[in-house]
Structure formats: structure tokens, C-alpha cells
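Fold and contact review
Below, each chain spelled out in residue letters.
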There are 2 protein chains.
Amino acid sequence: MGRPRKFDETRVLTAVMNMFWQRGYEATSTRDLAETTGMGLSSLSNAFGDKRQLYLRALRRYYETNTAVQTELLEQPGPVKDRVRNLMVQAIDIDLANPPSSGCLIINASIEMANTDPEVAQEVRRHFTTVERALRAALAEGQRSGEITRDQDAVALTHHVLSSYYGLRVLARVQPDRAALMNVVDTMLAKL
Amino acid sequence: MGRPRKFDETRVLTAVMNMFWQRGYEATSTRDLAETTGMGLSSLSNAFGDKRQLYLRALRRYYETNTAVQTELLEQPGPVKDRVRNLMVQAIDIDLANPPSSGCLIINASIEMANTDPEVAQEVRRHFTTVERALRAALAEGQRSGEITRDQDAVALTHHVLSSYYGLRVLARVQPDRAALMNVVDTMLAKL
DNA sequence: CCAGTTTTGGTTCACGTGATCTAAAAACCG
DNA sequence: CGGTTTTTAGATCACGTGAACCAAAACTGG
């Protein structure tokens, strides 16, 4: 009934997510966002709200895309160790890409904003919880089938694997040696 | 020969480091820094250079203080596993402190700036390299004494432990449960 | 005392920033 | 056509920002 929108919401949110991912919240200006989306400042603001709300939308977009991919990798059929391995290989692929990657948007957000913005903290927690749940389900399945050690319960084991996974993402920034990173993965998996 | 300085360099750099650590580079203004140090804008600038140079000085201050503590923990006499454990317990203590901690300045810097600023990247690398070296020396010692498995060489083992260590720092942000984190540490150590 | 040097304490400059405002465009309906 | 609504396209506002500028203070040496 009013003028139709000229932009595609998904495409815009993806562009916004990518820019926040690459630059972080503070170093990204609303004019940067307008430019990367090809929209005017007020159009962006009218459609999505202020800068912070755009950021929250970007985090939710990440949840729909990257978080979903991560949980899917864990939910595939097949040996659990292969699934966990796939999760980690995917992270290594991203982190060693050229041009240099910006790691994981959620980790970045947890560092930059989660301490001061409760709603960002909530989006961060949602992502982590989702991945953790998928991983725990997979590991529990592996324990039931005997593929994976029953030394500890699935919850503790999940934390253990998560710590390796997140550490891998940090390590990839300073040790961009694929063989070394893959070795970390394989060592960890061999001990499950 | 000119007017004497009124500030204590170490105290100022520590205050600057703490503020950058808490807020990140972009979200910290030069006026914030002036206020936290009790110095005027031009005094700060005349003494230390522009904002970016202050940041580099903060990273170096971190190296002299926190990085040094980390390597000392690894270089202490006594069982190697205890030393590694001490390193991780220290991290957990920091990360679970109240008010909420800002994690590790170097990890934060690697995410916020190391992709775009070569000199920051260099300071980041220096920190990581120093900790890695100390850890490798400790692990190699543990292998020689038979305390630690010889399944893999010390370099690969170092990467493995580092990935757990850095992951622990990320995990602590979203899973602030001391027992769970300690369990990750003890599980990892038990498998060395 | 004066000149020179360094530091301090403010002030100001030239932009950049997030957000607001305004008018026109693009649609629909009666 | 006029009225209404939503969106677009610019422009502008009120601050905030990093850094430069200026004068006075505090020291040394001749």
C-alpha cells in the first residue's frame, strides 16, 4: 500500500553481517553499512532500526546461516568422529582462507560487546548453546554406540571438545599452518 | 634540562593497557585515556605519540607483565603437569573474576586489529611465540623425564595444549562454571 | 637575569559519527 | 484526481574524535 521496497532483506542482512564480521561493531560506521548495502542511510534506519539493532540482526543472520551449518555437520549420519572432524575442518578452511578471515563472528562479538550489551550477550549465548547441544547429542550417540570413550559423561566431554574447537579458532590466527592444525584435530579425536 | 615529568610511566602505561583491554581500541577515545591516566591530551600525546602508538605500548606492557607471568608459571621447578595446570588455573581465575573480565588482551587484539595493522600483528605474534616456546620447553622436559607421553613430538603436543588453553579462555565467557572448566583442564592433563 | 628546552594545561580544528529531518517517489484506494 | 502510506534519496544536526596548536610552567646553563 506504500511504496514497495527496492532491497532484498536477506541480501542486505548478509552484507551487513559480513561487514560487522570483518570490521567489528565500533569500527564500522553507518555510512560504511549504507555503502556496502547500496541503501541510503535513512532507508537502512527505517527498515532495520539503529546501528545496534542492525548488529543484532547480523548476529541472528549468522545464527541462521553459519550456526545452522555447524549444527548440521554434527547431525549428519555417519561416524560421530567424522562429524566432529568435519566441524573442525570447516573452521580451519574458513580460518585459513585468503584473504585472511575474521574468525567467528560470535567469538568476536563475545569479546567486543557481550560484556556491555545484554542483548548481544543473549544472541552469543544462543549460538553457543545450540552448537553445544548438537555436539553433546552427537557425542552421547557415539558413547552409546561404543565409538567414543565413556570415561566422562557427555556434558563434560562436550566442554572438552568445545575447548579444543574454540582454541583451534584462536590458534589458527597465529599458527596458520594447516598440517599443525589438522594434527591438533586428529590428536584430540584419537583420544576420544 | 626541560620541565620534569609529573607522571610515572609505568603507572600510566598500566592504566592505558587496562582501559584498552576492557574497551578495545576503537571504543576507547583519547579523552578516555587522558581521564584514566589523569594526564592532559597533549601531555599523553607528547610523551607516547598518537593513539595507535599508545596501543602498541599497551601491548608491550602486557608482554612485560602478563606474558611474563604466564611463562614464569611454565618455567617453575616441579612436575610439568602442575605447571601447565597452574597456567590454566590462572586463566580461569582471571576469566571468572568479578566484575566480568575481558579475557586476554592479546587474543582481543588479534581479533580486533591484527588483520589490519602489521605492527599489532607483530606484538601479538611475539606474545604467542613466547608462551609457545615456554610451553614447548616444559613439555619436552616432561617427555624426557617420562612424566608426559611421547606419542607426538613436543611441537605438535604444544599446539594441542595451546588449543585447549585458548579454547578455555573463549569457553569461560559462555560457560562460567568453574567446575566444568577445571574438568576440561584435568581431562586434558590426564591424557598427556 | 635571559635563552633554551621539555612538559603541562587548555583550547581549537577539521572531520567523522549516529541519527534526525524533509521532500519526493512509488504504490494503493476511492 | 486527491489522499494516504511507505520507502527512497539527500541533506543536516549535534556531538564526538584524533590530533594540532598555543601559552605558561618548570627546569638547566651561561
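Each remark here, short or long, concerns the structure printed above.
The structure reproduced in this document is the subject of the present report. (Residues numbered from 1 in each chain as written. Chains lettered and ligands numbered in written order. Predicted model: local features only at pLDDT ≥ 70, side-chain atom pairs only at ≥ 80, totals over all residues. Heavy atoms only, no water.)

Summing up its helical and strand segments, chain A has 9 helices and 0 strands in all. Each helix and strand of chain A, placed in order from N terminus to C terminus, yields the pattern α-α-α-α-α-α-α-α-α. Taken over the C-alpha atoms alone, chain A extends approximately 60 × 35 × 30 Å along its principal axes. Counting all 192 residues of chain A, 54% fall into the buried class. Pairs at least 24 apart in sequence give 66% of the contacts found in chain A among residues at least 6 apart. Accessible area for chain A stands at about 8800 Å²; split by element, carbon and sulfur atoms hold 47% of it. Here chain A carries 24 positive and 23 negative side-chain charges, and the mean point of each set is 3 Å from the other. (Helix = DSSP H or I, 4+ residues; strand = E, 2+ residues; numbered from the N terminus. Buried < 20%, exposed > 50% of the residue type's maximum accessible area, 1.4 Å probe, protein only. Contact = heavy atoms within 4.5 Å. Areas by Shrake-Rupley, 256 points an atom, 1.4 Å probe, with all protein chains shown as cover. Lys, Arg positive; Asp, Glu negative; His and termini not counted. Charge placed at Lys NZ, Arg CZ, Asp CG, Glu CD.)

Turning to the relation of the copies chain B and chain A, a few remarks are in order. Placing chain B over chain A gives an RMSD of 0.0 Å and needs a rotation angle of 180°, together with 0.0 Å of translation along the axis. Taken together, the rotation and translation relating the two chain copies correspond to the operation of a two-fold axis. Among all C-alpha atoms of chain B, that of Gly167 of chain B lies closest to the rotation axis, at 1.7 Å. Mapped onto chain A, 100% of the interface residues of chain B again fall at the interface, so both copies present the same surface. (Least-squares fit on C-alpha atoms with pLDDT ≥ 70 in both.)

The next thing to look at is empty space enclosed by the protein. Tallying each qualifying case throughout the model produces 4 cavities of 30 Å³ or more. Of the voids in this model, the largest cavity is the one considered here, and its volume is about 60 Å³. Together, Ser102, Gly103, Cys104, Ile107, Asn108, Arg169, Val170 and Arg173 of chain A together with Ile111 of chain B line the largest cavity. Top contributing element to the lining of the largest cavity by residue count: helix α8 (residues 154–174) of chain A, with 3 residues. Counted by class, the lining of the largest cavity contains 4 nonpolar, 3 polar and 2 charged residues. (1 Å grid on protein atoms, 1.4 Å probe; cavity = no way out; pocket = protein on both sides within 12 Å on 5 of 7 lines; lining within 4 Å. Points joined across faces, edges and corners; volume = space filled by probe spheres on them. Nonpolar A, V, L, I, M, F, W, Y, C, P; charged D, E, K, R; others polar.)

With 13 residues, helix α9 (residues 178–190) of chain B should reach 18 Å at 1.5 Å per residue; the first-to-last C-alpha distance of 18 Å fits that figure. Where α9 of chain B is buried, its residues meet α8 of chain A together with α5 (80–95) and α8 (154–174) of chain B. In this structure Asp177 of chain B caps α9 of chain B, since a side-chain oxygen of it lies 3.1 Å from the backbone nitrogen of Ala179 of chain B. (Expected span 1.5 Å × (residues − 1). Polar contact = N/O pair within 3.5 Å; in protein donor to acceptor, adjacent residues only side chain to side chain.)

So, about the layout of surface pockets. By volume, the largest pocket is sized at about 850 Å³. The wall of the largest pocket is formed by 37 residues, among which Ile111 and Glu112 of chain A together with Arg23, Gly24 and Glu112 of chain B lie closest to the centre. Element by element, the count of residues in the lining of the largest pocket is highest for helix α6 (residues 105–112) of chain A, at 5 residues. Here the lining of the largest pocket is composed, by residue class, of 17 nonpolar, 12 polar and 8 charged.

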